[in-house]
Amino acid sequence: MSLLFLSGLNGCSFQLRDSYQLPTNLQAVRLDSIDSLELEASLTQRLLTAGIQVVDASTSASTTIIRVLSDQLERRTLSLFESGQVAEYELIYQINYQVIREGKTEYDGQVEVARDYQDDPNFALAKTRERELLVSEMRDEATRRLVRQLISEFSD
């Protein structure tokens, strides 16, 4: 019975989440210009999960390079309390990157993730921790999208 079920899943092209058919030019990549340790760890984990080997700078120059140009977090005010204090923000996390092969830029990419965040000055410490968790989740989502963009852009 389970064999029939598995063959049915294969027949309809079902894949587990973050399970990809990798293009040959993305079997191994090198990460470059990442200032944030959190971003580097998240991106490295996403690449490894997708089956992409992450190599160091001493590896041959023919390796595909993912150069992170910037990662930034912006905050926009959405609403205010009657007192004039900010009640709700929109947090926007953005990664700008390039893919470089054989010394030439092949692709310029951008990933953006936005979330709403309600602030309450009466619970500043708890809200600060909540915002940190939200930013961490946004970073993970952005790296997931970045890997998906890479794979779809460079599919054979």
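Residues numbered from 1 in each chain as written. Predicted model: local features only at pLDDT ≥ 70, side-chain atom pairs only at ≥ 80, totals over all residues. Heavy atoms only, no water.

> Describe the pairing of strand S1 (residues 28–32), with residues and values.
The pairing of S1 with strand S2 (residues 53–55) spans 3 bridges and is parallel. Within S2, the residue paired with Arg-30 across the bridge is Val-55. Between the parallel pair S1 and S2, the chain is carried across by helix H2 (residues 37–49), and the sense of this crossover is right-handed. Pairing of S1 with strand S3 (residues 64–80), which is carried by 4 bridges, proceeds in the parallel orientation. Bridge assignment links Asp-32 to a residue of S3, and that residue is Arg-67. (Pairing = 2+ DSSP bridges. Helix = DSSP H or I, 4+ residues; strand = E, 2+ residues; numbered from the N terminus. Right-handed = clockwise from strand over helix to strand, strands pointing away.)

> Run through H2, naming residues and quoting values.
The terminal C-alpha atoms of H2, which comprises 13 residues, lie 18 Å apart, in line with the 18 Å expected from a rise of 1.5 Å per residue. When we look at burial in H2, the residues that qualify are Leu-39, Ser-42, Leu-43, Arg-46 and Leu-47. Across the axial projection of H2, the buried residues extend over an arc of 130°, all falling on one side. Buried residues belonging to H2 abut S1, S2, S3, strand S4 (86–101) and helix H3 (124–153). Where H2 terminates, the next one or two residues include Gly-51, which has phi positive at roughly 90°. (Expected span 1.5 Å × (residues − 1). Buried < 20%, exposed > 50% of the residue type's maximum accessible area, 1.4 Å probe, protein only. Arc of directions from axis to C-beta. Contact = heavy atoms within 4.5 Å.)

> For the side chain of Ser-36, give the residues involved together with the corresponding values.
As for its position among the elements, Ser-36 is in the loop between S1 and H2. For Ser-36, a relative accessible area of 13% corresponds to the buried category. A polar contact of 3.2 Å, which involves the side chain of Ser-36, links it to the side chain of Glu-38. (Polar contact = N/O pair within 3.5 Å; in protein donor to acceptor, adjacent residues only side chain to side chain.)

> Outline the sheet that holds S3, supporting the account with residue identities and numerical values.
Strand order in this open sheet of 5 strands is S2-S1-S3-S4-S5, and the pairing throughout is mixed. Across the chains shown, the open sheet's two edge strands, defined by having one partner strand only, are S2 and strand S5 (104–118). The sheet shows a mean angle of 35° between the axes of neighbouring strands, taken without regard to direction. Strands in contact with H2 are S1, S2, S3 and S4; relative to S1, the strand with the most contacts, it is inclined by about 175°. In this fold H3 packs onto S3, S4 and S5, with an angle of close to 150° to the strand it touches most, S5. (Axes fitted to C-alpha atoms, helices over the stretch in contact; angles between N-to-C directions.)

> Report on unusual backbone geometry, specifying residues and quantitative values.
In the Ramachandran plot, Ser-33 falls in the positive-phi region, its phi being about 60° despite a non-glycine side chain. Tracing the chain through its elements places Ser-33 in the loop between S1 and H2. Judged by its relative accessible area of 40%, Ser-33 falls in the partly exposed class.

> Can you break down the packing of aromatic side chains residue by residue, with the values?
For the coordinates displayed, the defined rule picks out 3 aromatic pairs. Residues Tyr-89 and Tyr-117 carry aromatic rings whose centres are separated by 6.2 Å and whose planes lie at 15° to one another, so their mutual orientation is stacked. Residue Tyr-89 is found in strand S4, and its partner Tyr-117 is found in strand S5; the two are separated by 28 residues along the sequence. Of the residues examined, Tyr-89 reaches a relative accessible area of 9% and is grouped as buried. Note on Tyr-107 and Phe-154: the rings are 6.1 Å apart at their centroids and 80° apart in plane angle, and the pair reads as edge-to-face. Residue Tyr-107 is found in strand S5, and its partner Phe-154 is found in the segment after H3; the two are separated by 47 residues along the sequence. Comparing Tyr-107 with Phe-154, the two get one shared label, buried. Put simply, the rings of Tyr-97, Tyr-107 and Phe-154 pair up and form one aromatic cluster. (Phe/Tyr/Trp six-rings, centres within 6.5 Å; stacked < 30°, edge-to-face > 60°.)

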